[in-house]
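Examination of the molecular architecture
Spelled out, the chains give:
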Amino acid sequence: WQRFAPDLHAHWIQHAVSLSGLYELESVRITPFLADLRLTEADALRASPAWMPAPSHGELHTYVGALESEAFLHHNQLMQQAWGPQRVPVCEALPGLNHFTIVDALTQPDHRLHQAVRALLV
């Protein structure tokens with residue numbers, strides 16, 4: 001974010017949540033139906049959070065639907081492996097959810113995802 005908001009102090013951000021994230025863009029770059037993105041190898045490397053240094057403060061909580069593709073499940077685990085459990089303490093595949101229903105779960109007060117994200121706001 002420092003490129004886009006240089007006056008934003010790192011300690012202001014305590015928690016971030018990612019749903020069904022893509023953290024390594026080389027595999028996305030070579031996917032045939034995404035060729036229109038025209039990502040170069042350098043673009044993919046520069047824009048891949050998994051290859052960026054972990055921030056010195058804050059936590060990233062990553063969630064993916066357990067019914068999503070193997071690629072999304074892999075990306076979710078990759079982020080925790082890359083930045084470590086101190087920066088990515090939550091890396092969950094939520095049962096019964098897919099790429100679309102995970103967003104619905106976020107809006108349901110009785111769902112674990114909703115409750116977990118809400119707890120970060122306090």
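Here, every reference points to the structure presented above.
Residues numbered from 1 in each chain as written. Predicted model: local features only at pLDDT ≥ 70, side-chain atom pairs only at ≥ 80, totals over all residues. Heavy atoms only, no water.

**Regarding helix H5 (residues 112-120)**
If you check which residues of H5 are buried, you get Leu113, His114, Ala116, Val117 and Leu120. Projected onto a plane normal to the axis of H5, the buried residues spread over an arc of 165° and lie on a single side. The exposed residues of H5 that point more than 90 degrees off its buried face are Arg118 and Ala119. Where H5 is buried, its residues meet strand E1 (15-19), strand E2 (59-65), strand E3 (90-94) and helix H4 (101-106). (Buried < 20%, exposed > 50% of the residue type's maximum accessible area, 1.4 Å probe, protein only. Helix = DSSP H or I, 4+ residues; strand = E, 2+ residues; numbered from the N terminus. Arc of directions from axis to C-beta. Contact = heavy atoms within 4.5 Å.)

**Observations regarding the pattern of salt bridges**
Within this structure, the stated rule accounts for two salt bridges. One salt bridge in this structure joins arginine 46 and aspartate 43, with 2.7 Å as the shortest N-O distance. Taken together, the residues span about one helical turn, with arginine 46 and aspartate 43 both in helix H2 (residues 41-46) at a distance of three residues. What makes arginine 46 partly exposed here is its relative accessible area of 49%. Assessed through its relative accessible area of 23%, aspartate 43 is described here as partly exposed. (Salt bridge = Lys/Arg side-chain N within 4 Å of Asp/Glu carboxyl O.)

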